[in-house]
Amino acid sequence: QSQGRPRTYQECKDELTNICKSLATGISTLLTTSNTKPEDVGAVSKKIAAIIPGLVEMTKLAAAALSEATEKLLLYSTKDIANATAEIFAHPKDAGGNPKNAAVQQKMSRPANPGTVAIARFVHTLKAG
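Residues numbered from 1 in each chain as written. Predicted model: local features only at pLDDT ≥ 70, side-chain atom pairs only at ≥ 80, totals over all residues. Heavy atoms only, no water.

This brings us to the overall build of the chain. Along the backbone of the chain there are 5 helices and 0 strands. Of the regular secondary structure in the chain, the N- to C-terminal order runs α-α-α-α-α. Just so you have it, the chain exposes about 7400 Å², and 56% of that area is on carbon and sulfur atoms. (Helix = DSSP H or I, 4+ residues; strand = E, 2+ residues; numbered from the N terminus. Areas by Shrake-Rupley, 256 points an atom, 1.4 Å probe, with all protein chains shown as cover.)

This is how it looks when you write it as structure tokens:
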């Protein structure tokens, strides 16, 4: 992309799709790490947290090209991802403090964790835009 040229919706959509893939991979790594190496959860969490600002900024650019209703859906979906990611961050901390805590380990190993559900909704909204 040349400097100063606004991004097209398609460019934003492509970049957001890549960001979502990175985020989903990071969440998966976090969930695995919390079960196998709880002491490494902090480093993995920081990598995931570093993805969120790019998601927010790119979503703002994409949303500007959408109808008001779709723009709101996309922005709310981004908020859902941020909230779900924060919820996911809470569980590894618990798991790291007590790796034998069965209730926390069960929450961490759910296939439909809040992060993946929020990402899937976001991508669906993105494609509909």
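Don't stop here, the text continues.
Once that is clear, we can look at helix H2 (residues 41–63). Taking 1.5 Å per residue, 23 residues should reach 33 Å; H2 reaches 33 Å between its end C-alpha atoms and fits that length. Considered for burial, the residues of H2 that qualify are Val-41, Val-44, Ser-45, Ile-48, Ile-52, Leu-55, Met-58, Thr-59, Ala-62 and Ala-63. (Expected span 1.5 Å × (residues − 1). Buried < 20%, exposed > 50% of the residue type's maximum accessible area, 1.4 Å probe, protein only.)

Here Ala-86 shows up in helix H3 (residues 68–97). Take Ala-86: its relative accessible area is 45%, and that puts it in the partly exposed class. The spatial distance from the C-alpha of Ala-86 to the C-alpha of Ser-45 is 9.8 Å, given a sequence separation of 41 residues.

Our focus in this paragraph is the side chain of Ser-45. With respect to the helices and strands, Ser-45 occurs in helix H2. Leaving out residues up to four positions away in the same chain, Ser-45 has contacts with Leu-30 and Phe-89. (Contact = heavy atoms within 4.5 Å.)

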